[in-house]
Amino acid sequence: MIETPKPLIKVQHIKKSFKKRYNQDLLVLDDVNFDLKQNEIVALLGKSGSGKSTILRIIAGLIKPTTGQVLYNDQPIIKPVQGMSMVFQHFGLLPWLTVLQNVELGLEAQHVPRQERRDRALATIDMVGLDGFESAYPKELSGGMCQRVGFARALVVNSEILLMDEPFSALDVLTSENLRNDLMDLWQQQKTLLKSMLIVTHNIEEAALLADRLLIFSANPGYVRAEMHIDLPHPRQTQSPKFIEIVDNIYTLMTRPEKVQRTFHISQRLRTQSIGYRLPNVEVSMLSGFLETMHSPEYEQRIDLPDLAEALHLDVDNLFPVTGALEILQFAKVSQGDIELTKIGKQFIKADILAKKKIFAKQLISHVPLISHIYNTLQQRSGHRIGKDTIVRQLKNYLSEEASNEVFRIAIDWGRYAEVFAYDANTEMLSFEDP
């Protein structure tokens, strides 16, 4: 009987809320549970707002959970601990220090003797492919080289666990691919003391390339809604039938409707019927272009989302807001990793500019509670005017201040396009009169 490896990390019932200035707390994570075992790479994948980076920082000991705990080797994490290192999306290098000095920082904090830390830093710099750049400053390096310094700084302290928060997202496609491959070579050849890696990503292909296990997070609030094991040896070939099947399965999981199992799920679903629903941050031109692409002759009635995402070069954070907006407006329907146009969606594509505006206006008033609320309020008021502060104040009953302002802006953009109402940015007043 094969013994199951003991988890290095145990995430138990983590809940995280942030204080809002006026109203109730903003719930970011709710009852998050998972383990990180030895000799595995786990990827956390989800849309924006799913709390992936927040849970990573809780694991790292950088922020405290509201309730629940994280155990590392069965010991609770209440602050940063030795044995775990983190690589951030933005490199965080100190510009006045050389590559060598930046890599030595962690060792210096651990009071490692000068000669030992110099030797270890030089060896790690060589290992990540930066030999010859020890005396260079960050301003002399490319983005990919700066991130290599970030990896060297994390690896030099001989950590067991490497936490990564979208470490490749700030890099161009070729650089990120090269750096991913080099990291996997280090992992497979066991050139480091790493036992496990946990990576936050919004890139589905990246998750499928790196991870042995995938945790898909729901958003607003975040929790693990699905888990997927990827039994495919490294190095993985993106054009292989098995890899393509895995990517398709991930899209299917991410577009599958969620079951209403807990109280907050119910409240989230009811919120979609209120003005507090967080509208996807998508411009109308993007929605129109996406629909036009769907209607092109090269695609059939039901379109495979991975194929469409690849054709349009969209990742999770760009793709799902568009598909979400199209579903809200009932221009398209998403299910099982596929998307298809609805009858009204086809009418919108075939219409001329003025007819498009009328269709869009009808869908906004019928299916977007916030815009319907603004429209009805303007009709009811004698002067047919309402201030931005009134709407944003109402939104703050559901959302943070930042999110309330963003949702207001999105509603203004959509409403203006459809000529449902007008907005004067100088007076911050909505009306039926074009300023």
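Refer to the preceding data block for the structure.
It should be emphasised that the depicted structure is a prediction, and the values quoted were computed from it without experimental measurement.

A. Local environment of the overall build of the chain. Scanning the chain from terminus to terminus reveals 16 helices and 16 strands. Counting only C-alpha atoms and orienting by the principal axes, one finds that the chain spans roughly 80 × 50 × 50 Å. A total of 435 residues make up the chain; the buried ones form 50% of that total. Pairs at least 24 apart in sequence give 69% of the contacts found in the chain among residues at least 6 apart. Accessible surface, the chain: about 21,800 Å² in total, of which carbon and sulfur atoms supply 49%. Each charge class in the chain was averaged separately, 49 positive and 53 negative side chains, and the resulting centres sit 8 Å apart.

B. Expanded view of the packing of helix H13 (residues 353–367) against helix H14 (residues 369–380). Interhelical geometry of H13 versus H14 gives an angle of 95 degrees and a closest axis separation of 6 Å. Judged on the interaxial angle alone, H14 and H13 are roughly perpendicular. Residues Leu364, Ile365 and His367 of H13 touch H14, and the partners they reach there are Pro369, Ile371, Ser372 and Tyr375. Of the residues contributing to the contact of H13 with H14, the split by class is five nonpolar, two polar and no charged.

C. Layout of the pattern of salt bridges. Overall, the coordinates contain 14 salt bridges when judged by the stated rule. Among the salt bridges present, the one from Arg213 reaches Glu227, with a minimum N-O distance of 3.2 Å. Here Arg213, found in strand S9 (residues 213–217), pairs with Glu227, found in strand S10 (residues 224–229); they are 14 residues apart in sequence, far enough to count as distant. You can call Arg213 buried: its relative accessible area is 3%. Ionic pairing is found between Asp413 and Arg409, a salt bridge with its closest N-O pair at 3.4 Å.

D. Representation of the environment of Leu26. Examined against the element boundaries, Leu26 turns out to sit in strand S2 (residues 26–37). Taking the C-alpha atoms as reference, Leu26 lies 27 Å from Leu364; in sequence the two are 338 residues apart.

Criteria and thresholds
Residues numbered from 1 in each chain as written. Predicted model: local features only at pLDDT ≥ 70, side-chain atom pairs only at ≥ 80, totals over all residues. Heavy atoms only, no water. Helix = DSSP H or I, 4+ residues; strand = E, 2+ residues; numbered from the N terminus. Buried < 20%, exposed > 50% of the residue type's maximum accessible area, 1.4 Å probe, protein only. Contact = heavy atoms within 4.5 Å. Areas by Shrake-Rupley, 256 points an atom, 1.4 Å probe, with all protein chains shown as cover. Lys, Arg positive; Asp, Glu negative; His and termini not counted. Charge placed at Lys NZ, Arg CZ, Asp CG, Glu CD. Axes fitted to C-alpha atoms, helices over the stretch in contact; angles between N-to-C directions. Parallel < 35°, antiparallel > 145°, perpendicular 65-115°, else oblique. Nonpolar A, V, L, I, M, F, W, Y, C, P; charged D, E, K, R; others polar. Salt bridge = Lys/Arg side-chain N within 4 Å of Asp/Glu carboxyl O.

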